Amino acid sequence: MPQPDDAWLHAHSRVVGSRIRAERNRRHMSQERLHLEAGISRDVLQRIESGRHNTTLFTLLRIARVLDVPLADLVRD
């Protein structure tokens with residue numbers, strides 16, 4: 001059953017994915033390099049960047065660490 005905040009969650013997932021992609025591109029880093037250094041599959045990274053993946057905190061922390069940005073910068077509202 002859909003929850004009242006589902007639309008916000010889906011929209012924010014796309015925003016987080018866009019921020020990750022933008023930061024990765026700003027650093028001239030390929031998806032291949034990021035997924036390998038973060039220890040996640042490329043498929044998961046692609047789905048996160050497109051906002052189609054309900055990811056874990058651990059995965060977001062791994063990505064933030066590799067990108068050398070505070071997690072808050074990726075997930076802020």
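Look a little higher up for the structure.
Here the structure is a predicted model, which means the values were calculated and not measured.

Participant: Run through the pattern of salt bridges, naming residues and quoting values.
Facilitator: Tallied over the entire structure, the rule returns six salt bridges. R27 is the salt-bridge partner of E23, the closest N and O atoms lying 2.8 Å from each other. The exposure class assigned to E23 is buried, which follows from its relative accessible area of 14%. On the basis of relative accessibility, which here comes to 30%, the residue R27 falls in the partly exposed class. When the shortest N-O distance is used, the salt bridge between E49 and R24 registers 2.7 Å. Note that E49 is positioned in helix α3 (residues 42-49) and R24 in helix α1 (residues 6-26), a separation of 25 residues in sequence.

Participant: Account for the side chain of T59, with residues named and values stated.
Facilitator: On the secondary structure map, T59 appears in helix α4 (residues 57-67). A relative accessible area of 13% places T59 in the buried class. With residues near it in sequence (within four places) discarded, T59 still touches I40 and I48.

Participant: Give a detailed account of the environment of R14, specifying residues and quantitative values.
Facilitator: Within the secondary structure, R14 sits in helix α1. Separated by twelve residues in sequence, R14 and R26 have C-alpha atoms that sit 18 Å apart. R14 has contacts with S50 and G51, leaving out every residue within four places of it along the chain.

Participant: Tell me about the packing of helix α2 (residues 31-38) against α4, and name the residues and values.
Facilitator: The N-to-C vectors of α2 and α4 enclose an angle of 115°; their axes lie 9 Å apart at closest approach. Between α2 and α4 lies a crossing whose hand is right-handed. Note on element contacts: α4 touches α2 through R62, I63, R65, V66 and L67, opposite L34, E37 and A38. Residue classes in the contact of α2 with α4 are distributed as five nonpolar, no polar and three charged.

Participant: Lay out unusual backbone geometry in plain terms, naming residues and giving numbers.
Facilitator: Look at H28: it is not a glycine, yet its phi comes out positive at around 55°. Using a relative accessible area of 74% as the deciding quantity, one classes H28 as exposed.

Rules and cut-offs
Residues numbered from 1 in each chain as written. Predicted model: local features only at pLDDT ≥ 70, side-chain atom pairs only at ≥ 80, totals over all residues. Heavy atoms only, no water. Salt bridge = Lys/Arg side-chain N within 4 Å of Asp/Glu carboxyl O. Buried < 20%, exposed > 50% of the residue type's maximum accessible area, 1.4 Å probe, protein only. Helix = DSSP H or I, 4+ residues; strand = E, 2+ residues; numbered from the N terminus. Contact = heavy atoms within 4.5 Å. Axes fitted to C-alpha atoms, helices over the stretch in contact; angles between N-to-C directions. Left-handed = near helix turned anticlockwise from the far one by under 90°. Nonpolar A, V, L, I, M, F, W, Y, C, P; charged D, E, K, R; others polar.

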